[in-house]
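Notes for the structure review
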Amino acid sequence: MDKMEMLLDKYKKYLSQKEKEEGQFKTDYYKKLIDNATVFLNSLTKKQINKLTNIDETQISFDYDDKLNSNDINTNPKDIGQIIYMICTISEFLVENGQYKDFKESIKESIKRIEWKDIKINTNIFCKLSQSTGANKLVHNLAIKKSNMKLDLYGNGIMEQPDFTLFIKDYSKLLNGINTTAVQLLDTFVMIATETSQQNSLITIPLKTYMEIRNLKDEKTARAQIKSDIEALKKVEFKFREKKRGKYGDWVNVSLYGGMSGIKTGKIFFRFTPEFFNCLPSNQFMYFPKEAFTFNTRKNPHSYYFARKISLHKRLNLGKPNENIIGVQTIINSSPQFPKYEDLEHKRFSQFILEPFKRDLNAITSFSWEFKDMEDEPKTYQEFINTNIKINWNEYPNVMTLEKSKIKMIEKINIKKK
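Residues numbered from 1 in each chain as written. Predicted model: local features only at pLDDT ≥ 70, side-chain atom pairs only at ≥ 80, totals over all residues. Heavy atoms only, no water.

Each helix and strand counted, the protein has 15 helices and 15 strands in total. If you take every contact in the protein between residues at least 6 apart in sequence, the share linking residues at least 24 apart comes to 71%. (Helix = DSSP H or I, 4+ residues; strand = E, 2+ residues; numbered from the N terminus. Contact = heavy atoms within 4.5 Å.)

Structure below.
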């Protein structure tokens, strides 16, 4: 067994042990890591492999923000993201196995050669946001109330639905669970990838650009919130399955964090796992009002989710009679923070259900809305959840091309059925 095979064998054993400790959520993720590690190690020179296999024991811990360097490893700037990712992962392995030495200077020069391009976001009212079953389920459940999350013996949070399971590592250590600001950060990363048709799972965005998108004024406060939100996103794993023709398909296990994140030289960066990145098809997107990123989550805790669900509903029903008609029940279910009537102690429907619903819909200026086929407002909770609302968009983008594409897709499906 040569040195490269020996290192890879050690790495496989390490990942196998980690998989046993962390369970089924990590299975596909670690298989992908082994594939990536094989490619990475095969790309190294004998000198580099010798260095990796002959390092002394040390207590140095790995921290991407200030210890990422290598005088020996040089590579094309276009591929550096993947190399950084593998070095991070292999370094974690070396640390835990007492074989970590002098990565303080690893890939420093290579990082300097990366061409960080400022992200240019269009100035239109709407942006493109990739959407898929798994990603949508994640967004609308991620900021679930802490009281609705179950904890296992290790303090990890688990929330289970028939077609979706959310797993958050060390959830008990999060003071208030995961905030909507983390959801907005996640969707911003997805929006960047969609708008730029990005092929690399390492998403970067200038801090100032993100502050403009979110309408944040104080940089110090923004940095603290972003770092907190990134730490929360790093803990997220989930699995989902799609329902087609009345039957559920197989479960798909996904981890969110791909081993690289932070704020450095005025840039925010976050690497998605290949599995999550593949959940973001570039040709399957919705038009999303950019104002939603600016909503104050304390004053209007449900507005972001309402805007997102209504935008998704329109995209999925383009050209149908219900394109701009959506059920109240569907809307309130979209917000993980919206109160449940059965949990209200005094059953004050108007104060705790109807008024917050109206307030957070009215905060969205991209459209106006009204209760459908009703002269007055609903008087009871039951009447309320059985009601539909009608959406009147102010300046929705021209969707003629999208509608034609959808018609062609439906025609192809019908032909196959015959």
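Now for the sheet that holds strand S2 (residues 150-151). Spatial ordering of the open sheet is given by S2-S3-S4-S6-S9, a layout of five strands whose pairing is antiparallel. Bordering the open sheet on either side are S2 and strand S9 (252-255), each of which pairs with just one other strand. Taken together, the two bridges between S2 and strand S3 (residues 157-161) define a ladder with antiparallel strand orientation. By the bridge assignment, Lys150 is partnered in S3 with Ile158. (Pairing = 2+ DSSP bridges.)

Taken across its six residues, strand S11 (residues 267-272) has six buried, putting it largely inside the fold. Neither face of S11 is left uncovered, since the one carrying Lys267, Phe269 and Arg271 and the one carrying Ile268, Phe270 and Phe272 both have all their residues buried. Of the pairings in the sheet, the one linking strand S5 (residues 202-206) to S11 comprises five bridges and is antiparallel in character. Within the sheet, the bridge partner assigned to Leu202 lies in S11 and is Arg271. Bridge count between strand S10 (residues 257-264) and S11: five bridges; the pairing is antiparallel. What sits directly across from Ile263, in S11, is Ile268. Between S10 and S11, which pair antiparallel and follow one another directly, the connecting turn spans two residues, one of which, Thr265, has a positive phi of 50°. (Buried < 20%, exposed > 50% of the residue type's maximum accessible area, 1.4 Å probe, protein only.)

Attention now moves to the sheet that holds strand S14 (residues 367-371). Two orientations exist for strands paired in a sheet by backbone hydrogen bonds: parallel and antiparallel. Pairing in this open sheet of three strands is antiparallel, and the strands run S13-S15-S14 from one edge to the other. Both outer strands of the open sheet, strand S13 (325-327) and S14, are each paired with one neighbouring strand and no more. Each neighbouring strand pair of the sheet contributes to a mean axis angle of 30°, computed without reference to strand direction. Bridging between S14 and strand S15 (residues 388-393) involves five bridges; their strand directions are antiparallel. When the sheet's bridge partners are listed, Trp369 is paired in S15 with Ile391. Where helix H13 (residues 349-362) meets the sheet, it contacts S14 and S15, and its direction lies at approximately 155° from that of S14. (Axes fitted to C-alpha atoms, helices over the stretch in contact; angles between N-to-C directions.)

Another aspect to go through is the environment of Ser334. Inspection of the secondary structure assignment puts Ser334 in the loop between helix H12 (328-333) and H13. Judged by relative accessible area, Ser334 falls into the buried class, the value being 3%. Residue contacts for Ser334: discarding those within four places in its chain leaves His140, Tyr305, Phe306 and Lys309. A distance of 2.5 Å separates a polar side-chain atom of Ser334 from the backbone oxygen of Ile331. (Polar contact = N/O pair within 3.5 Å; in protein donor to acceptor, adjacent residues only side chain to side chain.)

To continue, consider the packing of helix H11 (residues 303-316) against H13. In contact at an axis separation of 8 Å, H11 and H13 are set at 70° when each is read in the N-to-C sense. In terms of their interaxial angle, H11 and H13 are classed as roughly perpendicular. Note that H11 runs across H13; the crossing there is right-handed. The segment H11 lies against H13, with Ser303, Phe306 and Ile310 engaging Phe357, Asp360 and Leu361. (Parallel < 35°, antiparallel > 145°, perpendicular 65-115°, else oblique. Left-handed = near helix turned anticlockwise from the far one by under 90°.)

All right, on to the nonpolar core then. Residues Phe272, Phe276, Phe357 and Phe384 are the most contacted members of the largest nonpolar core, which totals 88 residues. Among the elements that take part in this core, helix H7 (residues 180-195) stands out by supplying nine residues, more than any other. Each residue touching Phe384, except ones within four places of it in the same chain, is listed here: Val328, Ile332, Phe349, Ile353, Leu354, Phe357, Phe371 and Pro378. (Core = buried A, V, L, I, M, F, W, Y, C linked by side-chain atoms within 4.5 Å.)

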